[in-house]
Amino acid sequence: MDQTANIPGAAVKPILKVLLAGPRGFCAGVDRAIKIVELAIQRFGAPVYVRHEIVHNRFVVEGLEAKGAIFVEELDEIPDDGQPVIFSAHGVPKSVPAAAQARQMLFLDATCPLVSKVHREAERHYSGGSHILLIGHAGHPEVIGTMGQLPEGAVTLVEDAEQAALVQPPEGPLAYATQTTLSIDDTTAVLDVLRARFPHMSAPVKGDICYATTNRQAAVKAIAAQCDLIVVVGAPNSSNSVRLREVAERAGCPRAVLVQRGRDFDPAMADGLGTVGISAGASAPEVLVEEVVERLRERFDVRIENLIVAEETVIFNLPRPLRTPSAGRPVAAAE
Ligand code: 0CH
Ligand code: SF4
């Protein structure tokens, strides 16, 4: 019962069902990457440099800046002050640790182990003589990192089904790899075209789209048909978050929006609606989901329900130099 119902003069808020998609928000790779920055600041003192946003979320980045992290896009922005640099969760081309080593910089690699797995598999196929078709989005740091595991010309980027129909890889064996955060349905469409053209193309052992991407998209699909509006909490440069918004609309929700946090969301958007769904990208903290719910409470008598399609128990080890409380300063700490 709405608490304002018995207060004379108080407006009665309309009831709004809010359906929370689960899993949503932080994945194990994001959790690990943020912990690496926090522990590095504790271990080495501020500043700790981070190459690229550790994950694509301003709130996370600003929180780490307040603790002593300095974010840069390239290593040449970092002075030779002996402080460590951390590579973001999205992965880096091989040239980046090589440049760090050449400058005798102390570095820690926060690349998600599932992105590193894609790197290793691409290398394995390449050393077996295959040309690699990489399905992904041009310019995304994960794509730059994966392409940069191999020499120039060893990988051809395929962005969509149209490009899949036109791509002309060199003669000889082929293998494919993908970005970890793609739309499962879009990737299936691209692969259908590629497989029809190149039936002998080798595939990743278990698929490259990660468990977190898979589960978050499945959860959004599960709520989509019941929702009049879906709010995805995430950043516009967060590939997996942008995909969740698209998945929501394609799965039958009439409208889906991407918002960074509560203050960017206008709750009037839900006027006249019965059910609003909420999800969050893998780089969006739960506190930002709570902000959106609070904005809805300003205007509605919110009734929360959860729809959880999978339990997640994945945890990744920290890089070795950060596993023990004080192992001293490593020279180079890639892992
Ligand atoms: O979804 P993208 O790859 O843009 O990255 P994010 O939003 O920082 O989420 C974490 C995934 C990092 C690498 O898979
Ligand atoms: Fe790793 Fe997947 Fe999370 Fe990316 S989205 S950091 S690949 S678990």
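Here, every reference points to the structure presented above.
The rules we used
Residues numbered from 1 in each chain as written. Chains lettered and ligands numbered in written order. Predicted model: local features only at pLDDT ≥ 70, side-chain atom pairs only at ≥ 80, totals over all residues. Heavy atoms only, no water. Axes fitted to C-alpha atoms, helices over the stretch in contact; angles between N-to-C directions. Helix = DSSP H or I, 4+ residues; strand = E, 2+ residues; numbered from the N terminus. Parallel < 35°, antiparallel > 145°, perpendicular 65-115°, else oblique. Contact = heavy atoms within 4.5 Å. Nonpolar A, V, L, I, M, F, W, Y, C, P; charged D, E, K, R; others polar. Disulfide = S-S within 2.5 Å. Buried < 20%, exposed > 50% of the residue type's maximum accessible area, 1.4 Å probe, protein only. Left-handed = near helix turned anticlockwise from the far one by under 90°. Polar contact = N/O pair within 3.5 Å; in protein donor to acceptor, adjacent residues only side chain to side chain. Arc of directions from axis to C-beta. Pairing = 2+ DSSP bridges. Near = heavy atom within 4 Å. Areas by Shrake-Rupley, 256 points an atom, 1.4 Å probe, with all protein chains shown as cover.

Observations regarding the packing of helix 1 (residues 28–44) against helix 2 (residues 58–67)
Reasoning step 1: One way to put it is that helix 1 packs onto helix 2 with a least axis distance of 10 Å and a crossing angle of 10°. Classified by the angle between their axes, helix 1 and helix 2 sit roughly parallel to one another. When helix 1 is examined against helix 2, the residues Ile-34, Val-37, Glu-38 and Ile-41 are found in contact with a partner set consisting of Val-60, Leu-64 and Lys-67.
Reasoning step 2: By residue class, the composition of the contact of helix 1 with helix 2 is five nonpolar, no polar and two charged.

Some remarks on the state of the cysteines
Put plainly, two cysteines are in a disulfide when a covalent bond ties their sulfur atoms together.
Reasoning step 1: For the structure shown, the criterion picks out zero disulfides.
Reasoning step 2: No disulfide involves Cys-227; its nearest neighbouring cysteine sulfur is the one of Cys-253, lying 5.6 Å away.
Reasoning step 3: For Cys-227, a relative accessible area of 2% gives the class buried.

Notes on the packing of helix 8 (residues 211–224) against helix 9 (residues 239–250)
If you want to describe how two helices pack, look at the angle between their axes and the distance between the axes.
Reasoning step 1: Where helix 8 contacts helix 9, the two axes come as close as 9 Å, and the packing angle between them is 30°. The orientation of helix 8 with respect to helix 9, classified from their angle, is roughly parallel. Like other packed secondary-structure pairs, helix 8 and helix 9 cross with a definite hand, here right-handed. Contact residues: helix 8 offers Arg-216, Gln-217, Val-220, Lys-221 and Ala-224, while helix 9 offers Arg-243, Leu-244, Val-247 and Ala-248.
Reasoning step 2: Its residues assigned to classes, the contact of helix 8 with helix 9 comprises five nonpolar, one polar and three charged.

Comments concerning the side chain of Arg-51
Reasoning step 1: Here Arg-51 is to be found in strand 2 (residues 48–51).
Reasoning step 2: For Arg-51, a relative accessible area of 11% gives the class buried.
Reasoning step 3: Reaching out from Arg-51, the side chain makes a polar contact with the side chain of Glu-74 at a distance of 3.2 Å.
Reasoning step 4: Filtering out sequence-adjacent residues up to four positions away, Arg-51 remains in contact with Val-72, Glu-73, Glu-74, Leu-75, Val-85, Ile-86, Phe-87, Ser-88, Val-92 and Val-96.

Structural notes on helix 2
Reasoning step 1: Buried residues of helix 2: Val-60, Val-61 and Leu-64, and no others. Viewed end-on, helix 2 has its buried residues packed into an arc of 95°, placing them on one side of the element.
Reasoning step 2: Summarising the contacts, the buried residues of helix 2 are in contact with helix 1 and strand 3 (69–72).
Reasoning step 3: Where helix 2 begins, one side-chain oxygen reaches toward the backbone nitrogen of Phe-59, 3.0 Å away; that side chain belongs to Asn-57.

Brief notes about the environment of Thr-111
Reasoning step 1: Secondary-structure assignment places Thr-111 in the loop between strand 5 (107–109) and helix 4 (113–127).
Reasoning step 2: Looking at Thr-111, its side chain comes within polar contact range of the side chain of Asp-109, at 2.5 Å.

Concerning the sheet that holds strand 6 (residues 131–135)
Reasoning step 1: The strand order across the open sheet built from three strands is 7-6-8, with neighbouring strands paired in parallel fashion. The open sheet has two edge strands, strand 7 (155–158) and strand 8 (174–178), and neither has a second partner. The average angle at which neighbouring strand axes cross in this sheet is 25°, direction not considered.
Reasoning step 2: In this structure, strand 6 lies alongside strand 7, joined through four bridges in parallel fashion. Counted as the bridge partner of Leu-134 is Leu-157 from strand 7.
Reasoning step 3: Contacting strand 6, strand 7 and strand 8, helix 7 (residues 184–197) crosses the sheet at an angle of about 150° to strand 6.

A word on the site of ligand 1
Reasoning step 1: Close to ligand 1 lie 15 residues, the nearest being His-56, Ser-238, Ser-239, Asn-240 and Ser-283.
Reasoning step 2: Ser-239 is positioned such that a nitrogen or oxygen atom in its backbone is 2.7 Å from an oxygen atom of ligand 1.
Reasoning step 3: Contact between ligand 1 and Ser-283: an oxygen atom at 2.7 Å from a side-chain N or O atom of the residue.
Reasoning step 4: A total of 370 Å² of accessible area belongs to ligand 1 in isolation, and the protein chains cover 96% of it.
Reasoning step 5: Partitioned by chemical class, the residues of the shell around ligand 1 number four nonpolar, ten polar and one charged.

Quick look at the site of ligand 2
Reasoning step 1: Lining the immediate environment of ligand 2, one finds Cys-27, Gly-29, Cys-112, Leu-114, Thr-180, Thr-181, Cys-210 and Tyr-211.
Reasoning step 2: Its residues assigned to classes, the shell around ligand 2 comprises five nonpolar, three polar and no charged.

Section: the side chain of Ser-130
Reasoning step 1: Following the sequence through the fold, Ser-130 ends up in the loop between helix 4 and strand 6.
Reasoning step 2: In contact with Ser-130, not counting residues within four places along its chain, are His-125, Pro-173, Leu-174 and Ala-175.

A look at the pairing of strand 1 (residues 15–22)
Reasoning step 1: The buried count for strand 1 comes to six of eight residues, which makes it a mostly enclosed element.
Reasoning step 2: With eight bridges joining them, strand 1 and strand 12 (residues 301–308) adopt parallel strand pairing. What sits directly across from Leu-16, in strand 12, is Val-302.
Reasoning step 3: Sheet topology note: the strand 1/strand 11 (residues 275–280) ladder contains four bridges and is parallel.

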